[in-house]
Every structure is written in structure tokens, then in C-alpha cells.
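Secondary and tertiary structure notes
Read off the chains here:
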Amino acid sequence: GMTEKIPRIRKILFYMALTIELLLVIVDKSAVTNPYVSYFFRVTFLLTLAVVLLSQYTRREWIVLLVLTAISVVSYRLSGRNEMLRFTMFIAACREIDIPKALRYSFLVTLGGCLVIVLLSVTGILGSISLTQDYGRSDGVITRYTFGFGHPNSLQCMFFMLMLLGMYLYAQRMKWYTYLILLVANYGIYYLTDSRTGFIVATGAIILAAAMRADVFRRHVWPYAGGILMMGGCVGFSVWAAANSKDCWQPDKLVDKVDHMLNGRIVQLYWGTKAQAGAINTWHLFSSHASEEYFDMGWVRLFYWYGWIPALIAIAVLVLFLAACARKHDGAALMLVVSMSVYTVVEAHLVSEYIGRNFLLLLIGAYFASMLHAEGGTKWGILQKGSVNESAK
């Protein structure tokens, strides 16, 4: 009957949505322009909505989903941005999907897509191999390699994201020398792109990934507590930067010194855009249609684009996620969140409308019930009668 077909239909719809989202990221990173992005987003939203209608959740999960959906609708009405709604639905759609498998699929599709971009640039078909310009740093006009990704930081970023996902997926199979190979590859990418900040964060991620393999770290609560504090520090620093951005031209101020270390990323917030975009005076409880500017600092962009309420909800979700990781001794997931948090201070790759950029959403989906302590008990589906939750092991 119909009930036997539901898991299969659900899986097909989910993978259709995931595939479209992953391909959109690859097209976005390439030299191709895609004027139809928002239409594709509507399609993937409807697909994930269908998956949710075909899934079952505990009462607590339904309540949280409804609350998040309501807040997302408010966010959409006020800011014109539908990401919160799409992300909520995507996370909910992960409920009865084999997430490790979906992550492996994401890894292979993204890796394949990135190799195609590199290949097309090297053969001269699409995108340039390097970019020679003044990058606003002390070294003046220099050549940095892009291999079809448009900007050297973009090439470094995709390498970093693939490396993070690879280290997460294959954590149990990696040997000590695999980490050494990654350190060498990371240096090679640095040599080509000269992306200092990305290189430093990626190096830290490799060391952290190797460390979190050890039971002495993985099985204790303090590294996870440290991860939550570290993330709080990244957010706190970003709020401080947005609050003090105006003073960046004054050499005696601390913020000006820090700004020089971050290649002028803080000064951009107040002075670099037309409406002091990103400076703390442009943040609201919910963002408005006027919040359109782009800049590099990711956490700042989160608050500026979406407002205090959605941003704080996102941070709360990450805190609950790390708490669930601590209970499950998932050291590799801690490595991901810490590395991504630090990276997001200076780069906004993960704060975007692209679901396919942020594979953490899949992991949050896998941990959703665990985060809410809702693993036991009865589940209800809109199209299915209640059933006892089998996944409560």
C-alpha cells in the first residue's frame, strides 16, 4: 500500500532538493551567471515541504518546527529574505533520511563540481586561472591563483569546506599521515591563493581534527564546553567590531589595529558601504528590505541580514547542537563547528542563501531530535497515523 511507498518517495524528493542545492553552489562559484536562482530555491523549498509532510515527528519537534516556521514567516515578511524558512524546512526534511549517506553524496557532488571548474579554467574554456590586482593589502599589485573560482579566497574556501567535510566523514579511517598530507595540501593551496586567514583557520582545523580523535578529548565534556565558549567569543568579537567600526580611522584605537590585522574587514562595515551597512546601528530585531549590502565578516552579516532574533536563534541552535555532540561524543562535529565559527568571523561563505554551502544543516537535521531530547515517545505525521519512535536507541 501507500505506507510502504512513503519512505521511497520521501527519499527521492529529498535527494532532488539536495542535488539542486548542491549544483546551485557549484554554478555560483563558477564564472557562469544564473539569473534563475530564486526560482530554483522555491522548487527546493516545495520539495522539502513535501518531505516534511511525508515524515513523522514527536510532539516536541512539531511545536519547535511550528514556532520556527512562524518566526521565519515574520522574518520573510519584514526582510524579504526567505532563507530562515527554507533552512527550517530543509533541517526538518532530514528527519528520516540516512544523513551520513547524504553527506557522502554532498561531498562527492561538490568535489566533482569543483574539479570541473578547475578543469574548465585550466583548459581555457571558462573562468580565469589567476587574478592580478591590488588586494588592498601592503603588498600592492600581485598575482594570486583562482582556477576558475573568480577570487583566490573563493578557491581556498572551497578547498577548506571540502577538507572539513572529508575530515568529518572519514574521521575514523584517517591515519596520522593523512593529517600530514592535508597540512601539505593546505600549504599548497596557500602558496597558490595567498589566502592567509583561510590558511591559518584550515591549519587549526586539521590539528583540532587530529586531536579530537583521542578519547581523552572526545569523551569529556570540556572540549565541547570550550567549543561553545569559542563560538561565543567569535560572535562577541564580531558584535564588538560592528559596534566600533566607525573608529577604524583613528590609529590610537584598538579597533584600528585589529582592522589592519584583518585586512580592512572591520572598516568596511561602517565606511565601506553606502548605508554604514553592518555597523551595529543598522541591526534590528528583524532585518528590513534595506539590508542588502555584502561584506566579508560572516557573523556580522548574520545579524545585519536577518536581525537579532533570527541570528540569536541560529546561535542557540548551534549551542544545542554542540551539547548533543557532547552527549554522543562526536568530536569530529565539534571540530566542524569551531572551525566554521572562527572562519565566519572573517569570511561570510556560510552566511548565504545557499543551503548547499552549509553542510552543517544536514548534521543539525540528523541531530534535531537529540537536540530537543525528543528521541523517545510517539511520532505523528500529517499524512501518517502516530507510531512509536524506533530511532530512540
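Structural data are supplied above this passage.
One structure accompanies this document, and this report is about it. Not measured: the values here are computed from a predicted model. (Residues numbered from 1 in each chain as written. Predicted model: local features only at pLDDT ≥ 70, side-chain atom pairs only at ≥ 80, totals over all residues. Heavy atoms only, no water.)

Quick look at the packing of helix H1 (residues 2-29) against helix H2 (residues 37-53)
At a minimum axis separation of 9 Å, H1 and H2 run at an interaxial angle of 155 degrees. One element, H1, and the other, H2, form an angle in the roughly antiparallel class. The crossing of H1 and H2 is left-handed. Packed against H1, whose contacting residues are Arg10, Leu13, Phe14, Met16, Ala17, Ile20, Glu21 and Leu24, the element H2 presents Phe40, Phe41, Val43, Thr44, Leu47, Thr48, Ala50 and Val51 at the interface. Among the residues forming the contact of H1 with H2, the class breakdown is 12 nonpolar, 2 polar and 2 charged. (Axes fitted to C-alpha atoms, helices over the stretch in contact; angles between N-to-C directions. Helix = DSSP H or I, 4+ residues; strand = E, 2+ residues; numbered from the N terminus. Parallel < 35°, antiparallel > 145°, perpendicular 65-115°, else oblique. Left-handed = near helix turned anticlockwise from the far one by under 90°. Contact = heavy atoms within 4.5 Å. Nonpolar A, V, L, I, M, F, W, Y, C, P; charged D, E, K, R; others polar.)

Some remarks on the state of the cysteines
Summed over all chains, the structure comprises 0 disulfides. With no disulfide partner, Cys234 has as its closest neighbouring cysteine sulfur the one in Cys157, 16 Å distant. (Disulfide = S-S within 2.5 Å.)

Some details on the packing of aromatic side chains
Tallying each qualifying case throughout the model produces 23 aromatic pairs. Ring geometry for Trp283 versus Trp308: centroids 5.2 Å apart, planes at 65 degrees, classification edge-to-face. Here Trp308 lies in helix H14 (residues 308-328) and Trp283 lies in the loop between helix H12 (265-272) and helix H13 (298-306), a separation of 25 residues in the sequence. When its relative accessible area of 6% is taken as the criterion, Trp283 is described as buried. (Phe/Tyr/Trp six-rings, centres within 6.5 Å; stacked < 30°, edge-to-face > 60°. Buried < 20%, exposed > 50% of the residue type's maximum accessible area, 1.4 Å probe, protein only.)

So, the side chain of Asn153
Assignment of secondary structure puts Asn153 in helix H6 (residues 152-169). By relative accessible area, which is 18% here, Asn153 ends up buried. For Asn153, the side chain forms a polar contact with the side chain of Ser195, separated by 2.7 Å. In contact with Asn153, not counting residues within four places along its chain, are Arg144, Ser195, Arg265, Tyr343 and Glu347. (Polar contact = N/O pair within 3.5 Å; in protein donor to acceptor, adjacent residues only side chain to side chain.)

Describing the pattern of salt bridges
Under the counting rule described, the total for this entry stands at 15 salt bridges. A salt bridge links Asp194 to Arg137, with the shortest nitrogen-to-oxygen separation between them at 2.6 Å. Of this pair, Asp194 sits in the loop between helix H7 (176-193) and helix H8 (196-211) while Arg137 is found in the loop between strand S2 (130-134) and strand S3 (141-145), placing the two residues 57 residues apart along the sequence. Overall, the relative accessible area of 22% leaves Asp194 in the partly exposed class. With a shortest N-O distance of 2.7 Å, Arg265 and Glu347 are connected by a salt bridge. Residue Arg265 is found in helix H12, and its partner Glu347 is found in the loop between helix H15 (331-346) and helix H16 (360-371); the two are separated by 82 residues along the sequence. With respect to burial, Arg265 and Glu347 carry one shared label: buried. One continuous salt-bridge network, built from bridges that share partners, spans Arg10, Glu96 and Lys379. (Salt bridge = Lys/Arg side-chain N within 4 Å of Asp/Glu carboxyl O.)

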